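Summary of structural features
Below, each chain spelled out in residue letters.
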Amino acid sequence: METVVQYINSNKDRFLDELLELLKIPSISADPAYTDDVAKAADFVKKSLEKAGVDIAEIHPTAGHPIVYAEKMVADDLPTVLVYGHYDVQPPDPLELWDSPPFEPVIKKTAIHPDGAIFARGACDDKGQMYMHVKAFEAMNAAGNLPCNMKFLIEGEEEIGSDHLEIFCKAHVDKLACDVVLLSDTSVIANDVPSITTGLRGLSYVEVEVTGPNRDLHSGVYGGAVANPINVLCDMIASLKNEDLSISIPGFYDDVVIVDAAERKAMNEAPFELSDYKEDLKIEEIMGEAGYTTLERTSIRPTLDVNGIWGGYIGEGAKTVLPSKAFAKISMRLVPNQTPDAITTLFEEHFRSIAPKGVTVEVKPHHGGYPAVTPTDTIEYKAAEMAMEKTYGKKPIPQRSGGSIPIVAMFEEVFGVKSVMLGFGLDSDDIHSPNENYGLFNYYKGIETIPYFYLYYQKLKSNH
Ligand code: BES
Ligand code: MN
Ligand code: MN
């Protein structure tokens with residue numbers, strides 16, 4: 001391991017420069033205008049894996065964006081680790097809120113990142129975290145110290161639902177066979193409070209359209225006499241929450257696994273300062289489902305949130321108009337054992353049932369995803385725990401995250417293996433937001449920690 005550590009230390013600047021090059025490619029998967037850039041990023045990832053020393057590196061075109069696959073098989077009797085990551089990014093809008101252009105990475109010091117942080121779209125989610133694995137592999141390979149067989153599966157559609165990766169996995173079960181999946185696409189609690197993500201929420205996402213009169217009307221001539229679809233939509237959305245801020249859709253909680261008191265107690269022992277939380281967000285008070293703490297509300301409880309709402313006149317000045325249509329995009333984060341299909345159906349039936357006669361309602365489901373929970377009594381969890389303890393000097397805390405990575409549940413279903421979510425970001429890195437950033441401390445800590453995972457995983461596995 002000494003050689004691996006030395007290799008990392010003497011190549012730090014280059015490891016950073018390479019990531020900055022990748023961050024310059026606007027690989028926005030959601031926007032067809034950037035299809036060529038997405039392909040360019042795939043090519044960059046493939047070439048960097050080749051340079052890092054894999055035996056095979058391939059680009060697999062799909063009906064959507066390409067999938068990069070690479071492998072280095074060392075020996076039949078060694079365990080095989082499949083590294084998952086994504087090179088696509090979220091759209092950078094609103095551009096005017098960025099302090100520097102999203103695809104021109106700059107390094108700046110901040111209060112949370114005194115050693116500096118890279119500011120760019122994808123810096124943390126997930127180019128920076130994915131690239132740590134390429135560099136950790138390069139270092140292990142260069143030092144002649146590869147304790148495991150390695151497979152890399154890096155996709156370009158995570159931010160739009162991983163539809164084609166799912167098809168690819170189902171079609172290549174043998175090729176992708178592995179003992180465990182390793183990914184870095186989540187956060188630690190703080191740089192001095194390491195943690196391992198043990199849960200992800202699922203997702204059900206719908207777009208609704210409410211139509212009133214057949215055309216826009218004069219809001220004086222008709223106002224007060226026909227249903228205004230925006231007013232109606234707001235009422236309908238408001239009614240989706242009860243007074244205690246639980247969700248009112250009948251059957252919504254039927255499949256929710258009740259987490260026992262001991263586990264709730266343990267999760268609430270994680271360091272969390274409500275005053276810091278409020279101060280960071282500049283809010284006077286928090287708001288959420290009665291009977292649960294903030295940590296519980298963002299991990300073991302499902303949610304319903306409006307992500308966007310529009311209709312009518314939103315231009316300059318005042319236009320008196322009673323609109324014909326109103327729209328909203330609504331997400332529901334799911335927990336075990338809720339399923340996206342069942343929840344989407346419940347939503348749709350309920351939403352139609354609460355519409356007054358004066359409007360018609362359409363519900364369009366978008367991509368969804370299953371929740372995932374990973375156990376802590378496995379060899380892979382233990383190896384991750386030991387790796388972090390080695391490089392942080394502290395035992396990491398298991399913590400369920402509120403975010404979603406739908407492919408993790410699919411890996412378990414299709415390959416029958418668990419994932420280790422060894423993330424190194426911070427919740428304050430502003431992923432999906434303007435000024436996304438990733439600490440240099442975090443980038444290097446990841447590169448340093450990952451090789452230990454392989455070392456301990458192979459050791460524990462061979463003793464088993
Ligand atoms: N890496 C995130 C998910 C994440 C972030 C998990 C932070 C835990 C902590 C991932 O890229 C993401 O953004 N997922 C989407 C879902 C996807 C289907 C668009 C999400 O959670 O909104
Ligand atoms: Mn991600
Ligand atoms: Mn994301």
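Structural notes on the coordination of the manganese ion (ligand 3)
For the manganese ion (ligand 3), every protein donor is listed as D125 (OD), E159 (OE), E159 (OE) and H432 (NE2), and the spread of their distances is 2.1 to 2.5 Å. Of note is the manganese ion (ligand 3), whose 6 donor atoms meet at the metal with angles of 56 to 154° in an arrangement that counts as irregular. Every donor residue of the manganese ion (ligand 3) comes from the same chain, spaced as D-x33-E-x272-H. In this model, the manganese ion (ligand 3) sits 3.6 Å from the manganese ion (ligand 2), the two metals being bridged by D125.

Considerations on the environment of H366
Structurally, the position occupied by H366 is in the loop between β15 (360-365) and β16 (372-373). On the basis of relative accessibility, which here comes to 31%, the residue H366 falls in the partly exposed class. Considered as a pair, H366 and Y205 are 161 residues apart in the sequence and their alpha carbons are 5.2 Å apart. What H366 contacts, discounting residues up to four positions off in sequence, is Y205, V206, E207 and K329. Of note is the side chain of H366, whose polar atom sits 2.8 Å from the side chain of E207.

What about the pairing of strand β2 (residues 67-72)?
The buried fraction of β2 is high, at 6 of 6 residues. Burial of β2 is two-sided: the residues I67, Y69 and E71 facing one way and the residues V68, A70 and K72 facing the other way are all buried. Alignment of strand β1 (residues 56-60) against β2, held across 5 bridges, turns out to be antiparallel. Residue pairing in the sheet places H60 in a bridge with I67 of β2.

Examining the sheet that holds strand β4 (residues 106-108)
What the 3 strands build is an open sheet, ordered β4-β5-β20; its pairing is antiparallel. At either margin of the open sheet sits one strand with a lone partner, and together these are β4 and β20 (437-439). Direction aside, neighbouring strands of the sheet carry axes that sit 30° apart on average. As defined by bridge partners, β4 adjoins strand β5 (residues 117-119) across 3 bridges and the pair is classed as antiparallel. Directly across from K108, in β5, lies its bridge partner A117.

A word on the coordination of the manganese ion (ligand 2)
Donor atoms from the polypeptide that coordinate the manganese ion (ligand 2) comprise H86 (NE2), D125 (OD), D185 (OD) and D185 (OD), at 2.0 to 2.4 Å from the metal. Geometry at the manganese ion (ligand 2) is irregular, judged from the 6 donor atoms that bind it and their angles of 57 to 166° at the metal. One chain supplies every donor for the manganese ion (ligand 2), spaced along it as H-x38-D-x59-D. Taking relative accessible area as the criterion, D125 reaches 7% and is therefore assigned buried.

Focus on the packing of aromatic side chains
Scanning the entire structure with this criterion turns up 13 aromatic pairs. Aromatic side chains Y7 and F15 sit 6.4 Å apart centroid to centroid with 45° between the ring planes, which places their arrangement in the tilted category. The class of F15 is buried, set by a relative accessible area of 0%. Aromatic side chains F411 and F415 sit 5.6 Å apart centroid to centroid with 15° between the ring planes, which places their arrangement in the stacked category.

Overview of the sheet that holds β15
Spatially, β12-β14-β10-β15 is the arrangement adopted by the 4 strands of the open sheet, whose pairing is antiparallel. This sheet does not close on itself; its edge strands, each paired only once, are β12 (305-311) and β15. Neighbour to neighbour, the strand axes of the sheet diverge by 15° on average, direction disregarded. As paired strands, strand β10 (residues 202-211) and β15 are joined by 6 bridges and run antiparallel to one another. Looking across to β15, one finds that E209 is bridged to E362.

Notes on the domain arrangement of the chain
Each domain of the chain was delimited in the assignment, giving domain 1 (2-200 + 371-463) and domain 2 (202-256 + 302-368). A straight line from the C-alpha centre of domain 1 to that of domain 2 covers 36 Å. Contact residues are listed per partner, giving 10 residues for domain 1 and 9 residues for domain 2. Across the interface of domain 1 and domain 2, roughly 620 Å² is buried in total on both sides, 61% from carbon and sulfur atoms. Of all residues in domain 1, P371, S404 and P406 give up the largest surface area on contact with domain 2, accounting jointly for 60% of the area buried on that side. Run the count over domain 1 and domain 2 and you get 0 salt bridges. Its residues assigned to classes, the side of domain 1 that touches domain 2 shows 5 nonpolar, 4 polar and 1 charged.

Quick notes on the packing of helix α1 (residues 2-10) against helix α13 (residues 440-463)
Running from N to C, α1 and α13 point in directions that differ by 160°, and their axes come no closer than 10 Å. Put simply, α1 runs roughly antiparallel to α13. Of the two possible hands of crossing, α1 and α13 adopt the one that is right-handed. Across the interface between the two elements, V4, V5 and I8 of α1 pack against I447, E448, P451 and Y452 of α13.

Here we look at a negative patch on the surface
Side chains of E273, D276, D280 and D430 sit close together on the surface and give a patch of like negative charge. Here D276 is to be found in helix α8 (residues 274-281). For D276, a relative accessible area of 49% corresponds to the partly exposed category.

Notes on the pattern of salt bridges
All chains considered together, the criterion is met by 24 salt bridges. Where K325 meets E209, a salt bridge forms, and the shortest distance between an N and an O atom there is 2.7 Å. A residue pair is termed long-range when its members are at least 10 positions apart, and K325 in strand β14 (residues 325-334) and E209 in strand β10 qualify at 116 residues. What makes E209 partly exposed here is its relative accessible area of 22%. Here K282 ties to E279 by a salt bridge, and the two come within 2.9 Å at their closest N and O atoms. Linked through salt bridges whose partners overlap, the residues forming this network are R14, E18, K135 and E138.

The rules we used
Residues numbered from 1 in each chain as written. Chains lettered and ligands numbered in written order. Predicted model: local features only at pLDDT ≥ 70, side-chain atom pairs only at ≥ 80, totals over all residues. Heavy atoms only, no water. Donors = N, O, S within 2.8 Å, 3.2 Å for Na, K, Ca; no water. Tetrahedral: all angles 85-135°; square planar, octahedral: opposite > 155°, others 65-115°. Helix = DSSP H or I, 4+ residues; strand = E, 2+ residues; numbered from the N terminus. Buried < 20%, exposed > 50% of the residue type's maximum accessible area, 1.4 Å probe, protein only. Contact = heavy atoms within 4.5 Å. Polar contact = N/O pair within 3.5 Å; in protein donor to acceptor, adjacent residues only side chain to side chain. Pairing = 2+ DSSP bridges. Axes fitted to C-alpha atoms, helices over the stretch in contact; angles between N-to-C directions. Phe/Tyr/Trp six-rings, centres within 6.5 Å; stacked < 30°, edge-to-face > 60°. Domains from an automatic or database assignment. Buried area = accessible area lost by both parts, 1.4 Å probe. Salt bridge = Lys/Arg side-chain N within 4 Å of Asp/Glu carboxyl O. Nonpolar A, V, L, I, M, F, W, Y, C, P; charged D, E, K, R; others polar. Parallel < 35°, antiparallel > 145°, perpendicular 65-115°, else oblique. Left-handed = near helix turned anticlockwise from the far one by under 90°. Patch = residues over 30% accessible without salt bridge, like charges linked within 9 Å, V, L, I, M, F, W, Y side chains within 5 Å. Areas by Shrake-Rupley, 256 points an atom, 1.4 Å probe, with all protein chains shown as cover. Lys, Arg positive; Asp, Glu negative; His and termini not counted. Charge placed at Lys NZ, Arg CZ, Asp CG, Glu CD.

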